[in-house]
Amino acid sequence: MRGFWWPLLVVFLAGCGQEKKELRLLNWSDYMPKEVLQEFEKREGVRVVEDTYDSPEAMLSKLQAGGDSEYDVLITPDYTVGALARAGTLQELDKSKIPNLANLDPQFADPAYDPGARYSVAYQWGTTGLAYREDLVKGPVESWAVIFDPQQQVGSFLLLDEMREMVGAALKYRGQSVNTTDPAKLAEAQALLLEAKRRSQGFAGGTSIRDRLIGGDIAVGPAYSGDILAAQEENPQLKYVIPKEGATLWADCLVVLKKSPNHELAYRFINFLLEPEIAARISNSIGYATPVAAAMDKIEQKDNPLIYPSPEIRQRLELLADLGEGAEAFNRVWAEVKSR
Amino acid sequence: MREAATPAQRLRRVLLTVGPGAFWLVLFVLVPTLIVLVVSLMSRGSLGQPVPPFGLHNYVRFFSDPLFLEIIGRSLWIGFWSTLLVMLLGYPLAFYIAQSRYKEVLLLLVVIPFFTNFLIRVYAWIVVFQKEGLLNALITAFGLPPGEFLPSTLAVYVATVYTYLPFFVLPLYAAVERIDWSLLEAAYDLGARPVRAFFEAIFPQTLPGLLAGFLLVFIPAVGTFVIADLLGGGKVTLVGNLIQLQFGSAQNWAFGSAASMVLMAMVLLGLWLYARTQGERGLDRLV
Amino acid sequence: MKRLLSLHAGLVFAFLYLPILVIVALSFNQSRFGVRFTGFTLEWYARLFSNERILEYLTNTLIVAVVSTAVSTLLGTLLAVGLVRYEFRLKSALRYLLYVPVVVPDVVMGISLLLLFDVVRDAIGWPRLSLFTIILAHISFQIAYVTLVVRARLVLLDPTLEEAAKDLGATSWQTFREVTLPLIMPGVVAGALLAFSLSLDDFVITFFTAGSGSTTLPLYIYSSVKLGIRPEIHALSTLMVGATILVILLGVLFWKKR
């Protein structure tokens, strides 16, 4: 018997020891075309391991559970950057190693969520509005009321499994800022969400909402702009709007994890993503707006106001801010909404 | 005559056989449980990690908020009724198999779903219940308007029953196989009518298997989060979902640990009652 | 009465197999959505195999199952022998500890191991969540099953056989290897098979102890299902059900031959 077990163990332990050179990326699902990753693999002669997540809260929890030493590069929502940096999870960027930062639109050089862009590089930006199937809704979709007002429901809907976006939408519907931590306003948002949850089909991630809209399973749902705009080719009945009460404007950021063993490779990867050719390929494929100004002339949909919002729409958009200690109040609301 | 082993030899043998396994169980079962207990007494840090101060606040919160008691109640309720349904479906089936000429084939037919991956068994019901799924296709074929079955408590029930049915049939079948049928003859001879004869002569013989099967279904059914997660769409919250939520998106490990301790305490209480009535042989029937 | 029983059995079997058959049928269906059969296709299988990650997930799943089964069978068999043959202090405590992994809900076991790895990693910077931690976690619940299955076989053993061997001058080790082990081998094999299938089946504990690059098939199915129905998953499920049936049939044939 001994003859049988030991070789297995030895093989296994040997397998654990060897470290191939690889870049480990934690990313939203369906958020980077495979060809781009393959191109990087080919150019650098390394392997890229991409893991994906659907809910930033679950992702943060994963980082907490030791994920911070498992990835080199993370793509994370803007409002999480501050908290991650304060917790010592992020590596302060050595900008001399990312020469292509020069390609970036200047407005991302000093964003509100990361003053001086010390820790983060913008990857994509977009909005979170309402997506719907024109052929399945029973009325106009122009307000968050289709979710929050039982009288104005136009069809079955899902809720987005993202705390800040969903609580933010309820706040917006009531005419509040998406960043308010006023307990009374949050309690109101909680009540709205709980009522909506009862009528909804439950919670789902952004790509799941997109797929279920395409499948005709639901008629309406909050969604990220690019997911829907990229899927419009597949089903032209799929529409996206910024509700009249307003919506969030966000950027997802590239950050380097402090415990990553591979800072050099991480920098090269970020630099690679900022090449105009690559940046254009990404945005043309996944449907979000690129922060790489130098790539703009290669963007197919640069005139689409839903991707690059007109000044008129921009007035209705609000950035998600880093709430610091105020995040706890949001967490409580969310835990209640999810478990009640 | 061989000599009795010296105490030193005996100790060596015990250490060689029991030692590694016992060490493993202590390190990976006992110690983690104690860690959960300690963490359940801590507070939530700014990123969700457990930090001091220590106290009973998580338990106070758990037992003072009707929300959490409701979740526990719902878990027990759904667990209990689905287990009962499993028994109604599985009990006669075990008898049918035991008496059939094709016993081995039928057993195989129970074993195949048993060994089919758990997630696939749950996933199958999404395919049946989804809006354009099998059930709605059947309903509309009869000219009725399609219904919405996903997410729903009904779907959670059906999938729970489906998932754990083989867990129940197999141990019960083992009990039915061992039934002493001569007792039934005796009951008839004494003039009992069929139903009465069954309950007097046969049913008591299956009781140990029935109880073991009950626990085998009830405990995982109360503790599951996957079924409610996939078929309840986040609308049917069971205690398992609560725990997963606290370790996932709600990021409150300390409170999640307290909820885990409550669930564990309930399970151990149930098990203790079971062991009291069935003895250790009863515990063995759970494997 | 008999007829009623057959009817009942027929319905239960239909209930058990209907969903599986639906998946199998849909895996060959052209239509991406819905259950209307619009035509036969192998496209979903082609798509499944064009995903080079699938092979990696399968390898991960098998590595975990093989290694954890090997270790847990070894430890569990020894543990069973010790529990049956020897008396020692804390024996009854150990027996109760053995039942804990069997009865505690997966989610509790999962988070407790997650916390353990977290505490240890904070202290010594190791181990990171990976296939290695999944294997440790699987062994932890498999040991209990292996021990209990092997012990069931051991207590049925006629102790005079071992005594005879010892009277003939065999050392304890020789007795164990030449007499005890061959006699309990069916129990060991059954325990190993159970451990193996438990490992393949496990989702919840793996979910909490997996890290980057250690995705197993159940984890993959879960995250795909969370993203929505995809016909590739029907194809994958069909293949897995097929493999399950094949393995069970082979097992039955093997058993019959003995």
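Here, every reference points to the structure presented above.
Residues numbered from 1 in each chain as written. Chains lettered and ligands numbered in written order. Predicted model: local features only at pLDDT ≥ 70, side-chain atom pairs only at ≥ 80, totals over all residues. Heavy atoms only, no water.

Side note on the overall build of chain C
Cut-off, in case you're wondering: Here a helix means four or more residues in a row that DSSP labels H or I, a strand means two or more in a row labelled E, and each is numbered from the N terminus. Atoms counted for the radius of gyration: C-alpha only. Globule rule: 2.2 Å times residue count to the power 0.38. Each residue gets one of three labels from its accessible area relative to the maximum for its type: buried under 20%, exposed over 50%, partly exposed in between, using a 1.4 Å probe on protein chains only. Should any heavy atoms of two residues lie within 4.5 Å, those residues are counted as being in contact. In short, Shrake-Rupley with a 1.4 Å probe defines the accessible areas, and a residue's cover is counted only from the protein chains shown. As used throughout, the charge tally considers Lys and Arg to be positive and Asp and Glu to be negative, leaving His and the chain termini uncounted. Charged groups are reduced to one reference atom each: NZ for lysine, CZ for arginine, CG for aspartic acid, CD for glutamic acid.
Looking only at helices and strands, chain C has eleven helices and zero strands in total. Rg of the C-alpha trace for chain C: 23 Å, well past the compact-globule value of 18 Å for 258 residues, more than 25% over. Counting the 258 residues in chain C, one finds 57% classified as buried. In chain C, the proportion of contacts linking residues at least 24 apart, taken out of those at least 6 apart, comes to 69%. For chain C, the accessible surface area stands at approximately 11400 Å², while carbon and sulfur atoms represent 68% of it. The distance from the centre of the 21 positive side-chain charges to the centre of the 15 negative ones in chain C is 7 Å.

Side note on the pattern of salt bridges
Pairs can form between side chains of opposite charge once their charged atoms are near each other. Threshold: We define a salt bridge as a side-chain nitrogen of Lys or Arg found within 4 Å of a carboxyl oxygen belonging to Asp or Glu.
Within the structure shown, the criterion is met by 31 salt bridges over all chains. Measuring nitrogen to oxygen at the nearest pair gives 2.6 Å for the salt bridge that ties A:Glu188 to A:Arg174. Taken as a pair, A:Glu188 in helix α7 (residues 183-199) and A:Arg174 in the loop between α6 (163-173) and α7 lie far apart in primary sequence, 14 residues in all. Here C:Arg85 ties to C:Glu162 by a salt bridge, and the two come within 2.6 Å at their closest N and O atoms. You can see C:Arg85 sitting in helix α3 (residues 53-85) and its partner C:Glu162 sitting in helix α7 (residues 159-167), a full 77 residues away along the chain. Within the structure, one salt-bridge network assembled from shared partners comprises A:Glu39, A:Arg43, A:Glu275 and A:Arg281.

Focus on the environment of C:Phe254
Mapped onto the elements, C:Phe254 comes out in helix α11 (residues 231-257). A C-alpha to C-alpha distance of 26 Å links C:Phe254 and C:Phe13, two positions 241 residues apart in sequence.

Some details on the nonpolar core
Using the following cut-off: By convention a nonpolar core is built from buried Ala, Val, Leu, Ile, Met, Phe, Trp, Tyr and Cys residues, the set being connected through side-chain atoms within 4.5 Å.
One finds B:Ile97, B:Val226, B:Leu231, B:Ile243 and B:Leu286 to be the most contacted residues of the largest nonpolar core, which totals 173 residues. No other element matches helix α7 (residues 153-177) of chain B, which puts 14 residues into this core. Those residues in contact with B:Val226 that sit more than four places away from it in its chain are B:Phe118, B:Leu119, C:Phe203, C:Val204 and C:Tyr222. Counting residues in hydrophobic clusters, the runner-up holds 114 residues, among them A:Trp125, A:Phe157, A:Ala196 and A:Ala251.

Side note on the interface of chain B and chain A
Condition: Buried area, as used here, totals the accessible surface that two parts lose on assembly, with accessibility defined by a 1.4 Å probe and the loss added over both. Identification of polar contacts relies on pairs of N or O atoms within 3.5 Å, with a donor-acceptor requirement for protein atoms, meaning one able to donate a hydrogen and the other able to accept it, and with residues adjacent in sequence counted only if both atoms are side-chain atoms.
Of the residues lining the interface, 26 residues belong to chain B; the matching set on chain A comes to 30 residues. Note on chain B versus chain A: buried area summed over both sides is about 2300 Å², and carbon and sulfur give 47% of it. Seen at the junction of chain B and chain A, the total is zero salt bridges. Between the two partners, chain B and chain A, sit five residue pairs in polar contact (both at pLDDT 80 or more). Secondary-structure elements contributing two or more residues to the side of chain B that touches chain A are α3 (66-99) and α11 (239-247) of chain B.

Thoughts on the packing of helix α8 (residues 182-189) of chain B against helix α9 (residues 194-223) of chain B
Residues and elements named next belong to chain B. So the rule is basically this: To obtain an axis, a line is fitted to C-alpha atoms, over the contacting stretch when the element is a helix, and the angle between two such axes runs from 0 to 180 degrees between their N-to-C directions. Between 65 and 115 degrees an angle is taken as roughly perpendicular, under 35 as roughly parallel, over 145 as roughly antiparallel, and anywhere else as oblique. Two helices crossing with the near one rotated counterclockwise from the far one by less than a right angle form a left-handed crossing, whereas a clockwise rotation gives a right-handed crossing. Following the grouping adopted for this structure description, the nonpolar residues are Ala, Val, Leu, Ile, Met, Phe, Trp, Tyr, Cys and Pro, the charged ones are Asp, Glu, Lys and Arg, and the polar ones are all others, Gly among them.
With their axes 9 Å apart at the nearest point, α8 and α9 run at an angle of 150° to one another. It follows that α8 is roughly antiparallel to α9 by the angle criterion. Where α8 crosses over α9, the two elements pack in a sense that is right-handed. Listed contacts from α9 to Leu183, Leu184, Ala187 and Tyr188 of α8 are Pro194, Ala197, Phe198, Ala201, Ile202 and Gln205. Residue composition of the contact of α8 with α9, by class: nine nonpolar, one polar and no charged.

Examining the interface of chain B and chain C
Accessible area lost upon the coming together of the parts is a frequently used measure of interface size. Opposite the 83 residues of chain B that make contact, chain C presents 89 residues. For the chain B and chain C pair, buried surface summed over both sides reaches about 7700 Å², with 80% attributable to carbon and sulfur atoms. There are one salt bridge connecting chain B and chain C. At the boundary of chain B with chain C, the tally comes to ten residue pairs in polar contact (both at pLDDT 80 or more). Sorting elements by how many residues they give to the side of chain B that touches chain C places helix α1 (residues 7-40) of chain B first, with 22 residues.

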